[in-house]
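Listed below are the residues making up each chain.
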Amino acid sequence: MAPTGEVGFSSLTKVCSENRLRWDLTPEQIHQLSDELIAKTKRVYDSVGALDVSDVSYENTVKALADVEVEYTVQRNMLDFPQHVSSCKEVRTASTEADKKLSEFDVEMSMREDVYLRIVALEEKIKDSLSPESKRYMDRLIKLGKRNGLHLLKETQEEIKKIKKKLSNLCIDFNKHLNEDTTSLAFLREELGGLPEDFLNSLEKDGDKLKITLKYPHYFPTMKKCFVPETRKKLEEAFNSRCKEENSAILMELVQLRGQKCALLGFGTHADFVLEMNMAKSGKKVSSFLDELARKLQSLGEEERAVILQLKEKECQKRGFPFDGQLYAWDTRYFMTQVEETQYAVDQNQLKEYFPMEVVTNGLLNIYQELLGLTFELVEGAAVWHPDVTLYCVKDRTSGQMVGQFYLDLFPREGKYGHAACFGLQPGCLLPDNSRQMSVAAMVANFSKPTADAPSLLQHDEVETYFHEFGHVMHQLCAQADYAMFSGTHVERDFVEAPSQMLENWVWEKEPLQRMSKHYKTNSPIPDHLLDKLMKSRLANTGLFNLRQIVLAKVDQALHTRSGVDPAEEYAKLCQEILGVPASSGTNMPATFGHLAGGYDAQYYGYLWSEVFSMDMFYARFKQEGIMNPKVGLDYRKCILKPGGSEDAAEMLKNFLGREPKQEAFLLSKGLTVEQEGGTPCAC
């Protein structure tokens, strides 16, 4: 049986509703505060490490480490987050330098054998008297100690430490290069044929040409709608060659160092090292999951490819271009958009007029409040890092208790993080006095900016991204773990996407769509016939889209399971084999793939893996019992969001579903038929 939905979220624990973050730090202050934070935190580790082994207790060891972790996490986020969002280059540089210094310090503290030995000694003494979460915390500290080689010889430990420091600096540089990339290409107006007037009018002029940057709000609309193949070709080649020289070298070094580290720790591959902590557990299991899914999607992908080739042939005849029977990397987004428009009659340019940013934001916030039993309130005059940014306060609707706060930073600017992401900034967990610290998170995105003629208008896929990332924000805020280590989205990496993927379903359902849309000029709702076409178009290109996800996941696995793999060659080979679309000559997509240096190494498969669970949760509960059913919403908040990482994902899923997860809903959502086998549990 699944739970009943009758649950209160008020707690007897006092909530400390202080936002301890500040965003007015100068480069000098960032450097100074970093040094102070390191010194203060090191003192705690030194005192734990200096304890006589016979004197260790919960208070002077585990609690001391947990307490300093809370303080350290808040201060560290305040110092390293500005590199992603500050509009001042000097602040961004200081923040990146602080991140490097603090990351090196993280490595030092994670390699404290003296502290590790005291935790091991304490476990022997008190393991039977701990609460389940405290026991999990202690077990995790010991497990992490072993994964850092603290049970190995001193020389081996030193080698591991050196590698970890190098890895952390390389990852920071890899993503900094992408964030700071300012490449743009200039085109004559006629070279941008097919793009709407409002888009062209928003572009910066460069003499008699218009400037297209490689940031998302420029790149994707052009790739989807520009009918001039040469323009798309130039853009696609530039996009997949960003930071090619510097990041290609970094990526090769990252892969090599990860391989060395896992060998020292006794693992066959880096993938096996990483996956030990995930639901999948081994590279072999991931490989068979991806192979099986690719096999099931292959014929669907071939059908879609044939349709796209026909569309290309027609287009070539119509515009007098030569047709060579081939699909290229710069063709796919353009013709996939045409599939939506011809087969499903969905015109994205017409549709976006119904998704002005303000209407979408209000609709989205109302849906989340209703579903999860929360209230959001805009904080007027909040201290933020840029005038575009807003801050909201979140309370539990029934008890009025403070839950947390979230920032929204939704528009692009120079030097800003280039994708969409949720950043946890202040962990929701217990403070040293056992009161609960409220959680604070930020959603950072790059949606189209307003122009003189129109407000910010979102493409439907941007609305989907908004829902997805905001799902992560809710996970950060609604989790109520005791320890910072288990706060928010600190769950298994191949489950972390499931809660927010599940919430993407709302942008494909009639009632939510109606609630977050309105024509920006007339205020009229989306006509029913347009809505129906949009909802049916969810299956458009699903074969090719998911096969591309498999390509990326397989590149990631190949780099981290085999030695001597050339990233660009492997990507090109898999594109040809799985998609039937060659990678453009001279490009190196993996060198632009931030996930490989952003904590998803050997884990990109997790996007598809976690979708098995997100679809099962949606279809088994919300679709059955009502997508706006607040009882199901509260069950979801209680069973999936509230534990944070204090329980295993498999346990949370079983609690919410009332059974083991199954794969059927996932396969059906991909347009595949399912052989019913009496509800077999999913292969993963």
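Scroll up to find the structure this text is about.
This one's a predicted model, so the numbers in the text were calculated from it and none came from an experiment. (Residues numbered from 1 in each chain as written. Predicted model: local features only at pLDDT ≥ 70, side-chain atom pairs only at ≥ 80, totals over all residues. Heavy atoms only, no water.)

All right, on to the overall build of the protein then. A count of helices and strands for the protein gives 26 helices and eleven strands. The C-alpha atoms of the protein give 25 Å as radius of gyration, which agrees with the globular expectation for 684 residues (26 Å, within 12%). Counting across all 684 residues of the protein, residues that qualify as buried make up 57%. Contacts in the protein between residues far apart in sequence, at least 24 positions, make up 75% of those at least 6 positions apart. With an accessible surface of roughly 27900 Å², the protein has 51% of that area assigned to carbon and sulfur atoms. For the protein, the centre of its 83 positive side-chain charges and the centre of its 101 negative side-chain charges are spaced 1 Å apart. (Helix = DSSP H or I, 4+ residues; strand = E, 2+ residues; numbered from the N terminus. Rg over C-alpha atoms; globule rule 2.2 N^0.38 Å. Buried < 20%, exposed > 50% of the residue type's maximum accessible area, 1.4 Å probe, protein only. Contact = heavy atoms within 4.5 Å. Areas by Shrake-Rupley, 256 points an atom, 1.4 Å probe, with all protein chains shown as cover. Lys, Arg positive; Asp, Glu negative; His and termini not counted. Charge placed at Lys NZ, Arg CZ, Asp CG, Glu CD.)

Reading across the sheet, the three strands line up as β2-β4-β3 and stay open at both edges, with antiparallel pairing between neighbours. The open sheet has two edge strands with one neighbour each: β2 (184–187) and β3 (205–206). Here β3 runs beside strand β4 (residues 209–213); their pairing, made up of two bridges, is antiparallel. Within the sheet, the bridge partner assigned to Asp 206 lies in β4 and is Lys 209. In the packing of helix α10 (residues 229–239) onto the sheet, the strands contacted are β2 and β4, and the crossing angle to β2 comes to about 170°. (Pairing = 2+ DSSP bridges. Axes fitted to C-alpha atoms, helices over the stretch in contact; angles between N-to-C directions.)

Scanning the entire structure with this criterion turns up 52 salt bridges. Ionic pairing is found between Asp 601 and Arg 258, a salt bridge with its closest N-O pair at 3.8 Å. With Asp 601 in the loop between α22 (567–579) and α23 (606–625) and Arg 258 in helix α11 (residues 244–264), this residue pair connects regions lying 343 residues apart in the sequence. Here Asp 601 and Arg 258 have matching classes, each one buried. Each of Lys 42, Asp 46, Arg 112 and Asp 114 takes part in one network of salt bridges that share partners. (Salt bridge = Lys/Arg side-chain N within 4 Å of Asp/Glu carboxyl O.)

Before going further, it helps to spend a moment on the pairing of strand β8 (residues 421–426). A large share of β8 lies buried, amounting to five of its six residues. Two elements, β8 and strand β11 (residues 439–444), share five bridges in a ladder whose sense is antiparallel. Each residue of the ladder has a partner; that of Phe 423, found in β11, is Ala 442.

Right, let's talk about the packing of helix α1 (residues 27–49) against helix α4 (residues 89–110) for a bit. Where α1 meets α4, the closest approach of the two axes is 9 Å, and the angle between their N-to-C directions is 10°. Between α1 and α4, the interaxial angle falls into the category roughly parallel. Side by side, α1 and α4 meet where Pro 27, Ile 30, His 31, Ser 34, Asp 35, Leu 37, Ile 38, Thr 41, Lys 42 and Tyr 45 of the first sit next to Glu 90, Val 91, Ala 94, Ser 95, Glu 97, Ala 98, Lys 101, Leu 102, Phe 105 and Met 109 of the second. Taken together, the residues of the contact of α1 with α4 break down into eleven nonpolar, four polar and five charged. (Parallel < 35°, antiparallel > 145°, perpendicular 65-115°, else oblique. Nonpolar A, V, L, I, M, F, W, Y, C, P; charged D, E, K, R; others polar.)

For the rest of this paragraph, the subject is the sheet that holds strand β1 (residues 15–16). Here we have three strands laid out as an open sheet, ordered β1-β10-β9, and mixed in their pairing. Edge positions in the sheet fall to β1 and β9 (429–430), since each has one partner strand and no second. For β1 and strand β10 (residues 436–437), the ladder comprises two bridges, and the chain directions are parallel. Paired with Val 15 across the bridge in β10 is Arg 436.

The subject of this paragraph is helix α16 (residues 357–372). For α16, built from 16 residues, the straight-helix expectation of 22 Å at 1.5 Å per residue is met to within 8% by its first-to-last C-alpha distance of 22 Å. Buried within α16 we find Met 357, Val 360, Thr 361, Gly 363, Leu 364, Leu 365, Ile 367, Tyr 368, Gln 369, Leu 371 and Leu 372. A positive backbone phi angle near 65° is found at Gly 373, which sits one or two residues after α16. (Expected span 1.5 Å × (residues − 1).)

Counting buried positions along β11 yields six of six residues, so the element is predominantly enclosed. Residues Ser 439, Ala 441 and Met 443 of β11 are buried on one face, and the alternating residues Val 440, Ala 442 and Val 444, pointing to the opposite face, are buried as well. Judged from the six bridges that link them, strand β7 (residues 402–409) and β11 form a sheet pairing that is parallel. Among the inter-strand pairings, Leu 408 is bridged to a residue of β11, identified as Met 443.

Another aspect to go through is the environment of Arg 515. Its location among the elements puts Arg 515 in helix α19 (residues 510–515). Considering only alpha carbons, one finds Arg 515 and Val 360, 155 residues apart in sequence, at a separation of 8.2 Å.

Here the focus is the nonpolar core. Core analysis: the biggest nonpolar cluster contains 195 residues, and Phe 406, Phe 470 and Trp 506 have the highest contact counts within it. When residues in this core are grouped by element, the largest group, ten residues, is from helix α13 (residues 283–319). (Core = buried A, V, L, I, M, F, W, Y, C linked by side-chain atoms within 4.5 Å.)

What follows concerns the side chain of Gln 369. Turning to its location among the elements, Gln 369 is positioned in helix α16. Polar contacts involving the side chain of Gln 369 include one to the main-chain amide nitrogen of Phe 376, which spans 2.8 Å. Setting aside chain neighbours within four positions, we find Gln 369 in contact with Leu 374, Thr 375, Phe 376 and Arg 397. (Polar contact = N/O pair within 3.5 Å; in protein donor to acceptor, adjacent residues only side chain to side chain.)

What follows concerns unusual backbone geometry. Positioned with a positive phi, Asn 541 is a non-glycine residue whose angle comes to about 60°. Mapped onto the secondary structure, Asn 541 falls in the loop between α20 (528–536) and α21 (542–561). Residue classification places Asn 541 among the buried positions, given a relative accessible area of 6%. The backbone phi angle of Ala 602 is positive, close to 65°, even though this residue is not glycine. Considering the arrangement of structural elements, one finds Ala 602 in the loop between α22 and α23.

Once that is clear, we can look at the side chain of Arg 621. Tracing the backbone through its elements, the reader meets Arg 621 in helix α23. Relative accessible area serves as the criterion here: at 3%, Arg 621 is assigned to the buried category. A distance of 2.9 Å separates a polar atom in the side chain of Arg 621 from the backbone oxygen of Phe 656.

Across all of its chains, the model carries 37 aromatic pairs by this definition. Centre to centre, the rings of Phe 376 and Phe 406 are 5.3 Å apart; their planes meet at 80°, and the pair counts as edge-to-face. Taken together, the positions of Phe 376 in strand β5 (residues 374–378) and Phe 406 in strand β7 put the pair 30 residues apart, joining distant regions of the chain. Take Phe 406: its relative accessible area is 0%, and that puts it in the buried class. The rings of Trp 23, Phe 81, Trp 385, Tyr 407, Tyr 417 and Phe 423 are connected pair by pair, giving a single aromatic cluster. It is Arg 493 that lies over the ring of Tyr 600; its NZ or CZ is 4.3 Å from the centre. (Phe/Tyr/Trp six-rings, centres within 6.5 Å; stacked < 30°, edge-to-face > 60°. Lys NZ or Arg CZ within 6 Å of the ring centre and 35° of its normal.)

Here we take up the environment of Leu 264. With respect to the helices and strands, the residue Leu 264 is situated in helix α11. Here Leu 264 falls in the partly exposed class, since its relative accessible area comes to 26%. Taking the C-alpha atoms as reference points, Leu 264 and Lys 225, separated by 39 residues in sequence, lie 50 Å from one another. Beyond its immediate chain neighbours, meaning those up to four positions away, Leu 264 contacts Leu 152, Thr 156, Glu 159, Ile 160 and Ile 163.

Everything listed here is a matter of coordinates, which is why it stays silent on function.
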